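Observations on chain architecture
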Amino acid sequence: MLPPPPNRGLFFLVLGSICAALEFVAQANSATDTLNVLLIIVDDLRPSLGCYGDKLVRSPNIDQLASHSLLFQNAFAQAVPPEHCVVCVLGQHCQQAVCAPSRVSFLTGRRPDTTRLYDFNSYWRVHAGNFSTIPQYFKENGYVTMSVGKVFHPGISSNHSDDSPYSWSFPPYHPSSEKYENTKTCRGQDGELHANLLCPVDVEDVPEGTLPDKQSTEQAIQLLKKMKTLARPFFLAVGYHKPHIPFRYPKEFQKLYPLENITLAPDPQVPDGLPPVAYNPWMDIRQREDVQALNISVPYGPIPVDFQRKIRQSYFASVSYVDTQVGSLLSALDDLQLANSTIIAFTSDHATTDSLEAGTPFVAPASSIDQASWALGEHGEWAKYSNFDVTTRVPLMFYVPGRTASLPEAGKKLFPYRDPFDSISEPVDPGRQTMDLVELVSLFPTLTGLAGLQVPPRCPIPSFHVELCREGKNLLKHFQSHHLEEDLYLPANPRESVAYSQYPRPADFPQWNSDKPTLRDIKIMGYSIRTIDYRYTVWVGFTPDEFLANFSDIHAGELYFVDSDPLQDHNMYNDSHGEEFLLSLMP
């Protein structure tokens, strides 16, 4: 659990101590013409954004950031190490570790088999190795490093300290109102308060009269102001909670998405060829009081159509709410004249489903392993916990002053705040984009390279004894090959790139802990390869005591050809064409 957050009376005392720490760190370091870094992580955000082609979602501020950035169209959360995974998935026996929380993976630049965080119940520095993190590396290179909101996953996996003091120049900030996220603060039609999935609120009526993401934005802006006065290089990571469940957001954002305009998922049925082991029964959704009241059958549902529309409405509304927070933050960066000297990296990542308040019944135990992004009814699934694109693909973009966009003229802003409620707001031009498949584990080498620091070397195998190295590819080539005025879509060879993911299951058929099995309950592991042409997943036997995947014990397989089946609804694994294709991949 997080330590109790300070009350409002202590806020200025805490801020004062932070400022004192900033000045101390600033005096101890020196650098000139160094680029700052602003890392924005949005929890459970799928690429449902205007800049990714979504015509419904109102995300003008993130779209504006994208217009000045290099946007990766095919970024995925990763799990399986490329050095071994292709051979394993293609049928050769080998050993693999279970997927660990991706936040620790991309913040250390190591894949989960190296961090060995299998169920959030261990701290990688103790359990696996004393691996450096992105903020730690920047800190050791003279930066003031700061954390606001949800950056590391709280709890044992970050030593109950968000990896302080290693990663941060002073203790990370957590908004005081986040402790109410899963309490009964949702006003129901009966007039009573509930712990619901759908939770549009009147902000003035909620405890403390604010929401966590609003507090995080305010704190981040205060830190930017202080860094402006100190004139020191900084690394500021800001983690936003929404659109993570519950969908607790200011109720006015519902107005952007009238229910009559909300469509269902294009493929809301469970595919006929989907092996049962691959299905996610969305047990965390079923825990919420408003969903429990629907008495939905387990494991396949379905959720009533009218409630499906309401879920999608609240997800999109939560995205627009977070967009306003991103807009306020970037506008402040601009006002402080820091936009010309600050790299901005924007992405999303998966997170565990936070526990409800004490006394609220649980259907499943504490989380162990999650996947990125969020399904909104595709394949008859909700939330995450699978290997489909819809649950592993995430937004990823980088703004680099003078490289992804020309520096603005004097007196002009790059990131003026854009109101999502402004129906006549001018659309922004798309920025530069690349179709290459990339993984979040590439953040470490890419950010360090963009900032002009020495890029950590590639990790040896094994690398448990090496404190500083990285397992992800450096994406700098995408920023160096073309001038700003050339083609918006960067030419590449996406067939050379591969993304990997994996997900554990406790049994061959969906059950109460299929979504989030603890390590000791994992009996099957689904390893998945995503290329520009296909997604191939194989579900194999797994021995948790030895972290051993047995690829001679195949329980099920999935094969989807992306060109002809972009939604991944038609499993070709047992089809004759699919069998021929898989044989052609064998070494």
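Below or above, wherever it landed, is the structure these notes cover. Computed from a prediction, not measured in an experiment: that's the story for all the values here. Within each chain, residues carry numbers counting from 1 in the order of the written sequence. Predicted model: local features are reported for residues with pLDDT of at least 70 only, side-chain atom pairs are reported and counted for 80 or more only, and whole-chain, interface and lining totals are derived from all residues. Only hydrogens and water are set aside when side-chain values are computed; all heavy atoms of the structure are taken into account.

Counting from the N terminus, the helices are the DSSP runs of H or I reaching at least four residues and the strands are the DSSP runs of E reaching at least two. Regarding its fold elements, the chain presents 15 helices and 18 strands. Buried, partly exposed and exposed residues are distinguished by accessible area as a fraction of the type maximum, computed with a 1.4 Å probe on protein chains only: under 20%, between the cut-offs, and over 50%, respectively. Looking at the chain as a whole, 63% of its 587 residues are labelled buried. Whether two residues touch is decided by their heavy atoms; if any such pair falls within 4.5 Å, the residues are in contact. Intrachain contacts of the chain at a sequence separation of at least 6 include 75% that bridge at least 24 residues. The accessible surface values rely on the Shrake-Rupley method and a 1.4 Å probe; as for residues, cover is taken only from the protein chains in view. Carbon together with sulfur atoms contributes 53% to the accessible area of the chain, which is approximately 22,200 Å² in total.

So, on to the packing of aromatic side chains. Aromatic ring pairs are described here by two measures, namely the spacing of the ring centres and the angle between the planes. Put simply, two rings from Phe, Tyr or Trp (the six-membered ring, in Trp's case) pair if the centres are within 6.5 Å, and we call them stacked under 30 degrees between planes, edge-to-face over 60, tilted for the rest. A full pass over the atoms with the stated rule returns 19 aromatic pairs. Considering the side-chain rings of Phe 72 and Phe 398, the 6.0 Å spacing of their centres and the 85° angle between planes classify their relative orientation as edge-to-face. Highlighted residues: Phe 72 in strand 2 (residues 70-76) and Phe 398 in strand 13 (residues 396-399), separated in sequence by 326 residues. Under the relative-accessibility criterion, Phe 72 is labelled buried at 0%.

What counts as a salt bridge is simple: a side-chain nitrogen of Lys or Arg found within 4 Å of a carboxyl oxygen of Asp or Glu. Per the counting criterion, the structure on display carries eleven salt bridges. A salt bridge links Glu 181 to Lys 242; the nearest nitrogen and oxygen atoms lie 2.7 Å apart. Here Glu 181, found in the loop between strand 3 (144-149) and strand 4 (186-187), pairs with Lys 242, found in the loop between strand 7 (234-240) and strand 8 (247-250); they are 61 residues apart in sequence, far enough to count as distant. Lys 242 matches Glu 181 in its accessibility class, with the two residues each being buried. Between Glu 409 and Lys 412 there is a salt bridge; the shortest N-O distance is 3.7 Å. One network of salt bridges, in which partners are shared, links Asp 43, Arg 103 and Lys 150.

Our next topic: helix 2 (residues 60-67). Most of helix 2 is tucked away, with eight of its eight residues classed as buried. Every buried residue of helix 2 is listed here: Pro 60, Asn 61, Ile 62, Asp 63, Gln 64, Leu 65, Ala 66 and Ser 67. Buried residues belonging to helix 2 abut strand 2, helix 11 (305-335), strand 9 (342-349) and strand 13.

For sheets, the rule is that strands pair by backbone hydrogen bonds, running either parallel or antiparallel. Two strands form a pair only when DSSP identifies at least two bridges running between them. Pairing is antiparallel in the open sheet, where four strands are placed in the order 15-16-17-18. Either end of the sheet is taken by a strand with one partner, and the two such strands are strand 15 (499-505) and strand 18 (548-561). For this sheet, the mean inter-axis angle between neighbouring strands, taken without regard to orientation, is 20°. Between N-to-C directions, angles span 0 to 180 degrees; the directions come from axes that are lines fitted to C-alpha atoms, helices contributing only their stretch in contact.

Here we take up the pairing of strand 9. Across the eight residues of strand 9, eight count as buried, placing the element largely inside the fold. Alternating positions in strand 9 separate into two faces, Thr 342, Ile 344, Phe 346 and Ser 348 on one and Ile 343, Ala 345, Thr 347 and Asp 349 on the other, with burial throughout. As judged from the eight bridges shared by strand 1 (residues 36-43) and strand 9, these two strands associate in the parallel manner. When the sheet's bridge partners are listed, Val 37 is paired in strand 9 with Ile 343. The pairing of strand 9 with strand 13 spans four bridges and is classified as antiparallel. When the bridges of strand 13 are listed, Phe 346 appears paired with Met 397.

Here the focus is the environment of Ile 529. Assignment of secondary structure puts Ile 529 in strand 16 (residues 524-530). Taking the relative accessible area as the measure of exposure, Ile 529 reaches 4% and is therefore buried. Separated by 27 residues in the primary sequence, Ile 529 and Gln 502 have C-alpha atoms spaced 8.7 Å apart.

In this section: the state of the cysteines. Linking two cysteines covalently via their sulfur atoms produces the bond known as a disulfide. In plain terms, two cysteine sulfur atoms within 2.5 Å form what is called a disulfide here. Inspection of every chain in the model, using the stated rule, returns two disulfides. Paired by a disulfide, Cys 186 and Cys 199 hold their sulfur atoms 2.1 Å apart. On the S-S bond that ties Cys 186 to Cys 199, the torsion sits near -105°, and the link is left-handed. Here the residue Cys 186 occupies a position in strand 4, and Cys 199 occupies one in strand 6 (residues 198-201), the gap between them amounting to 13 residues. As far as the burial class goes, Cys 186 and Cys 199 line up, both buried. The partner cysteine of Cys 459 in its disulfide is Cys 469, sulfur to sulfur 2.0 Å. Looking along the S-S bond of the Cys 459-Cys 469 disulfide, the torsion reads about 95°, which is the right-handed sense. Of this pair, Cys 459 sits in the loop between helix 13 (443-450) and helix 14 (477-480) while Cys 469 sits in the loop between helix 13 and helix 14; the two residues are ten residues apart in sequence, bridging distant segments of the chain. A residue is classified by how much of its surface remains accessible, and Cys 459, at 14% relative accessible area, is buried.

Moving on: the nonpolar core. In this structure, Ile 40, Leu 236, Ile 311 and Trp 374 are the most contacted members of the largest nonpolar core, which totals 87 residues. Each nonpolar core is a collection of buried residues, namely Ala, Val, Leu, Ile, Met, Phe, Trp, Tyr and Cys, held together in the definition by side-chain atoms within 4.5 Å. Among the nonpolar cores identified, the runner-up in size contains 40 residues, and Tyr 123, Ile 134, Tyr 143 and Leu 443 belong to it.

Let us look at the packing of helix 8 (residues 212-230) against helix 11. The contact between helix 8 and helix 11 brings their axes to 10 Å, and the two run at 10°. The pairing of helix 8 with helix 11 is recorded here as roughly parallel in orientation. Here Asp 213, Lys 214, Thr 217, Ala 220, Ile 221 and Leu 224 of helix 8 lie close against helix 11, whose contacting residues are Tyr 321, Val 322, Gln 325, Ser 328, Leu 329, Ala 332 and Leu 333. Counted by class, the contact of helix 8 with helix 11 contains eight nonpolar, three polar and two charged residues. Angles below 35 degrees are treated as roughly parallel, those above 145 as roughly antiparallel, those between 65 and 115 as roughly perpendicular, and all remaining angles as oblique. Each residue gets one of three labels, nonpolar for Ala, Val, Leu, Ile, Met, Phe, Trp, Tyr, Cys and Pro, charged for Asp, Glu, Lys and Arg, and polar for the others, Gly among them.

Moving on, we come to the packing of helix 2 against helix 11. Helix 11 packs onto helix 2 with a crossing angle of 50° between their chain directions and a minimal axis gap of 7 Å. In this view, helix 2 runs oblique relative to helix 11, as classed from their interaxial angle. Two secondary-structure elements touch here, helix 2 through Pro 60, Asn 61, Ile 62 and Leu 65 and helix 11 through Asp 323, Thr 324, Val 326, Gly 327 and Leu 330. Residue classes in the contact of helix 2 with helix 11 are distributed as five nonpolar, three polar and one charged.

Our next topic: the environment of Ile 343. Turning to its location among the elements, Ile 343 is positioned in strand 9. On the basis of relative accessibility, which here comes to 0%, the residue Ile 343 falls in the buried class. Apart from the residues within four sequence positions on either side, Ile 343 is in contact with Leu 35, Asn 36, Val 37, Leu 38, Tyr 399, Val 400, Pro 401, Leu 447, Leu 450 and Ala 451.

Let's shift gears to unusual backbone geometry. Backbone torsion omega between Ile 245 and Pro 246 reads -5°, so that peptide bond is classified as cis. Tracing the sequence through the fold places Pro 246 in the loop between strand 7 and strand 8. Residues other than glycine seldom take positive phi values, yet His 160 does so here, at roughly 55°. For His 160, the position within the fold is in the loop between strand 3 and strand 4. Backbone geometry at His 379 places phi at a positive 60°, although glycine is not the residue there. Residue position: His 379 is located in the loop between strand 10 (375-376) and strand 11 (382-383). The exposure class assigned to His 379 is buried, which follows from its relative accessible area of 2%.

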